[in-house]
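# Fold and contact review
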Amino acid sequence: MWIALLIFSASCFCQVSDKNEFENLKNILFGNSSDISELPIYADPPTMDFNDFKKDRFIFQIDSIEIEKIKKYRNELEPFIVQRIDSGYSWVYLAAFLYYESAVPKIKDMLLNCDKFYGWEGGDYQKIERYLDDEQYCYQMAYIAAIEHITGKSISESIKLTDQENTYLKNKANKCVECNKDALAFCWARWLLDKLTK
């Protein structure tokens, strides 16, 4: 009887302890996400840091104890992290680190709506090919790297375009023909379509 009571008490203590630990972890991760230095993972697509995903390397801004807790509470944290995916690349990288399949549709949506052009110096911007270089689309490449890391497949195998998405991208891509001010508005779609259909 005493043994059963001790086991029950220990079990209750562990549950309370785990709940407190999880709540503390949530405060660490989500308490002050407006400060970049407080985010769990450093993310800076223009540095091409997403290439490290292939080596399973992520630059954490929290200590190893918190990293282990993130792994421990991977499932419990999933809805909170996925909910924040569109608020910064740090959350995209963290979703990739944790292999959240549920994040893929949201990351796909952000990829299809990302028309950022980095504009690296150098190269001949009088040629349309310069507007189709991978290095010009580091933000999109970060989304692609995250999806590929999570799924373990190439981007063309990982996501499929709906008819509506395909038409939208094609309409924009078809206007990427001249090196003028419109090139920035349309060439990202041509570049992306090429990535998604290889």
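Residues numbered from 1 in each chain as written. Predicted model: local features only at pLDDT ≥ 70, side-chain atom pairs only at ≥ 80, totals over all residues. Heavy atoms only, no water.

## Concerning the overall build of the protein
Put simply, the test is: A helix here means a DSSP run of H or I that spans at least four residues, while a strand means a run of E at least two residues long, and both kinds are numbered starting from the N terminus. Think of it in three bands: residues with accessible area under 20% of the maximum for their type are buried, residues over 50% are exposed, and the middle band is partly exposed, with areas taken using a 1.4 Å probe on protein chains only. Any two residues whose heavy atoms approach within 4.5 Å are treated as being in contact. Here the open area of atoms and residues is found with the Shrake-Rupley method and a 1.4 Å probe, where only the protein chains shown may cover a residue.
Helix and strand counts for the protein stand at 9 helices and 0 strands. Looking at the protein as a whole, 40% of its 198 residues are labelled buried. A fraction of 66% describes how many contacts in the protein between residues 6 or more apart in sequence connect residues 24 or more apart. Accessible surface, the protein as shown: approximately 11400 Å² in total, 53% of it carbon and sulfur.

## Observations concerning the state of the cysteines
Basically, it comes down to this: Our working definition of a disulfide is a cysteine sulfur pair at a distance within 2.5 Å.
Summed over all chains, the structure comprises 1 disulfide. Paired through a disulfide, Cys176 and Cys187 show a sulfur-sulfur distance of 2.0 Å. Between Cys176 and Cys187 the sulfur-sulfur dihedral comes to about 90 degrees; the bridge is accordingly right-handed. With a gap of 11 residues between them, Cys176 in the loop between α8 (163-173) and α9 (183-196) and Cys187 in helix α9 connect regions that are remote in the sequence.

## Things to note about the nonpolar core
Note the following rule: In this description, a nonpolar core means a group of buried Ala, Val, Leu, Ile, Met, Phe, Trp, Tyr and Cys residues linked to one another through side-chain atoms lying within 4.5 Å.
Grouped together as the largest cluster of nonpolar side chains are 62 residues, with contacts concentrated most on Leu77, Ile81, Tyr93, Leu94, Ile107 and Leu192. Going through the elements one at a time, α1 (2-30), α2 (64-72), α3 (74-84), α4 (89-97), α5 (104-112), α6 (138-151), α8 and α9 are the ones with two or more residues in this core. Looking at this core element by element, the count peaks at 10 residues for α6. In this view, Leu77 contacts Phe22, Leu25, Lys26, Leu29, Phe30, Ile70 and Tyr100; residues no more than four positions away in its chain are not counted.

## Remarks on the side chain of Gln140
Following the sequence through the fold, Gln140 ends up in helix α6. Contact partners of Gln140, with chain neighbours within four places excluded, come to Leu111, Cys114, Asp115, Lys116, Trp188 and Trp191.

## Brief notes about the packing of aromatic side chains
Each pair of aromatic rings is reported with the distance of its centres and the angle of its planes. The criterion, for reference: Any two rings among Phe, Tyr and Trp, with Trp reduced to its six-membered ring, count as a pair given centres within 6.5 Å; such a pair is stacked if its planes are under 30 degrees apart, edge-to-face if over 60, and tilted if neither. For a ring to carry a charge above it, either NZ of a lysine or CZ of an arginine must fall within 6 Å of the ring centroid while also lying within 35 degrees of the normal to the ring plane.
A full pass over the atoms with the stated rule returns 15 aromatic pairs. Aromatic pair Phe30 and Trp91: ring centres 5.5 Å apart, planes at 35 degrees, arrangement tilted. In this pair, Phe30 sits in helix α1 while Trp91 sits in helix α4, placing the two residues 61 residues apart along the sequence. Here Phe30 matches Trp91 in class, with each residue buried. Ring geometry for Tyr137 versus Trp191: centroids 4.7 Å apart, planes at 25 degrees, classification stacked. Note that Tyr137 is positioned in the loop between α5 and α6 and Trp191 in helix α9, a separation of 54 residues in sequence. Residue Tyr137 shares its accessibility class with Trp191, and that shared class is buried. Taken together, the aromatic side chains of Phe22, Phe30, Tyr73, Phe80 and Trp91 make up a single cluster linked through ring pairs. Above the face of the Phe30 ring, Arg84 is positioned so that its terminal group lies 4.1 Å from the ring centre. The cationic tip of Lys116 hangs over the ring face of Tyr139; the distance from NZ or CZ to the ring centre is 4.4 Å.

## As for the packing of α8 against α9
The packing of two helices is summarised by the inter-axis angle and the distance between the axes. Definition in use: Every axis in this analysis is a line fitted to C-alpha atoms, fitted for helices over the stretch in contact. Angles between the N-to-C directions lie between 0 and 180 degrees. Under this scheme an angle from 65 to 115 degrees is roughly perpendicular, one under 35 degrees roughly parallel, and one over 145 degrees roughly antiparallel; angles in between are oblique. Put simply, a crossing is left-handed when the front helix is turned counterclockwise from the back one by less than a right angle, and right-handed when it is turned clockwise.
The N-to-C vectors of α8 and α9 enclose an angle of 125 degrees; their axes lie 7 Å apart at closest approach. One element, α8, and the other, α9, form an angle in the oblique class. Crossing of α8 against α9: the hand is left-handed. Here Asn166, Tyr168, Leu169, Lys170, Lys172 and Ala173 of α8 lie close against α9, whose contacting residues are Ala185, Phe186, Trp188, Ala189, Arg190, Leu192, Leu193 and Leu196.

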